[in-house]
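Residue-level structure breakdown
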Amino acid sequence: LAHSENLTADALPEFEMPVETQHGEGVTAEALPELHFQVDPLTAELPDYEINEGVQDTVLYEPAKSELTISKEKPAQPKQADIISRYTNTALSELSAQTNAVLQVSAEVDQVIREQGTDSLRVWTKAENQKTQNESDNYRLYSQELNLTQVGVEKAVGEKAQIGAILSHSKANNKFDDNINGKSNLTMFTLYGKKAWENGAFAGIDASYGQSRNKIANDIRFKRHIASVGVNVGRAWDILGVEVKPSLGIRYHRLSDVNYNHVGAQIRTKSVDLVAYNAGLSLGKTMTLGVFSLTPEISSYYVDASHKNLNVKVNNRHFDQQFGRYFRHELGLNTKVGNWSVATKVGLLDGNQFGKQRFASLKVGYTW
């Protein structure tokens, strides 16, 4: 036949095809009146059947329903923490650890502003230990232990008004991923002033400046200059003998830029401008017997430093960094005997970049 000629089933009365259906039934040309052939190439048109050309004898079968499901969702992107090198991870973790130390110092300064001021002259010293496990999408898990020591002096300068100074020293031991250790020694000096009113309202402002000496592994050393300015306001109510004291605060931190070399990797961190907000509530009840007084206190504060995205440059490539937000829950007991005061606290930190972690502090003061 010429290539242009068509054949139909009627033109092939004796034609048989060695075919069978899916169910094993034989089919002849007479049983397929709608079957059409066209030479070169040979094709078949059958509404309810398809031709399987992968076997020696042609087999007709009913079309199977497709089981293939195509998802329109984009594949999940890997987290930065899972794909960065050990040097990049260490650089990001170190900046996080430095910020933790700064925020710890600031939390204690905020606490001094919220406390009832002296009506004469007071000196005090405080020690706090804090341990955390830190992790985020930007860097891998690392552990940190902070030991903070503070000494302070406060003097009354008017009715319910005080000025004061605090010297803080924070020592950090960090264990980063890939068995890399780090240390940091942060020293900051703070000046503050605060004022309270008869209706229970209070306000305070403070300014701090200091330097951190940092060490990574055994041979990498660098320094940071750190400045901080904070404002706190609040009000105290006496409700059935219980002091209820809500407060709000905002603080600006500036960390200077640093540059160092880590086993051939060039690390550059630009200066950091960080704003942190805090809001909280404390409840306390004072019981007095002669020269002895006892004040149990419970408080909870929310700190948010997550409002700015930063980046660290490693070998001219930029990597993301963002700080976290957390709750600081405290349970304290303040004891006063004569001119001496002792305050103990235990607490819990719970945030988006670390799980529930504990801390404890002891503060001793003397008032003239």
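This part takes up the overall build of the protein chain. Of regular secondary structure, the protein chain possesses two helices and 25 strands. Within the span of the protein chain, comprising 368 residues, buried residues form 42% of the whole. Considering only contacts within the protein chain whose residues lie at least 6 apart along the sequence, 58% involve residues at least 24 apart. Entry remark: accessible area of the protein chain is about 20800 Å², with carbon and sulfur atoms responsible for 54%.

Taking 1.5 Å per residue as the helical rise, helix α2 (residues 86-114) with its 29 residues ought to reach 42 Å, and the 42 Å between its terminal C-alpha atoms agrees with that figure. In terms of burial, α2 is a largely internal element, 27 of the 29 residues being buried.

A few words on the confidence of the model for the protein chain. Overall, the prediction assigns the protein chain a mean pLDDT of 83, with 80% of residues at 70 or greater. Taken as a whole, residues 11-17 scores under 50 in pLDDT and shows nine contacts with residues more than four places along the chain or in a different chain. pLDDT under 50 marks residues 19-25. Its contacts with residues more than four places away, or in other chains, come to 16 contacts.

Moving on to the sheet that holds strand β17 (residues 265-269). Strand order in the open sheet formed by four strands is β16-β17-β21-β22, and the pairing between neighbours is antiparallel. Edge positions in the sheet fall to β16 (258-262) and β22 (317-322), since each has one partner strand and no second. Along the sheet, successive strands turn relative to each other by an average axial angle of 25°, direction set aside. Of the strand pairs in this sheet, β16 and β17 are connected by five bridges, and their pairing is antiparallel. If you follow V258 over to β17, its bridge partner there is T269. Its contacts with the sheet place α2 against β16, β17, β21 (309-314) and β22, and it is angled at close to 35° to β22.

Parameters and conventions
Residues numbered from 1 in each chain as written. Predicted model: local features only at pLDDT ≥ 70, side-chain atom pairs only at ≥ 80, totals over all residues. Heavy atoms only, no water. Helix = DSSP H or I, 4+ residues; strand = E, 2+ residues; numbered from the N terminus. Buried < 20%, exposed > 50% of the residue type's maximum accessible area, 1.4 Å probe, protein only. Contact = heavy atoms within 4.5 Å. Areas by Shrake-Rupley, 256 points an atom, 1.4 Å probe, with all protein chains shown as cover. Expected span 1.5 Å × (residues − 1). pLDDT = per-residue confidence, 0-100. Pairing = 2+ DSSP bridges. Axes fitted to C-alpha atoms, helices over the stretch in contact; angles between N-to-C directions.

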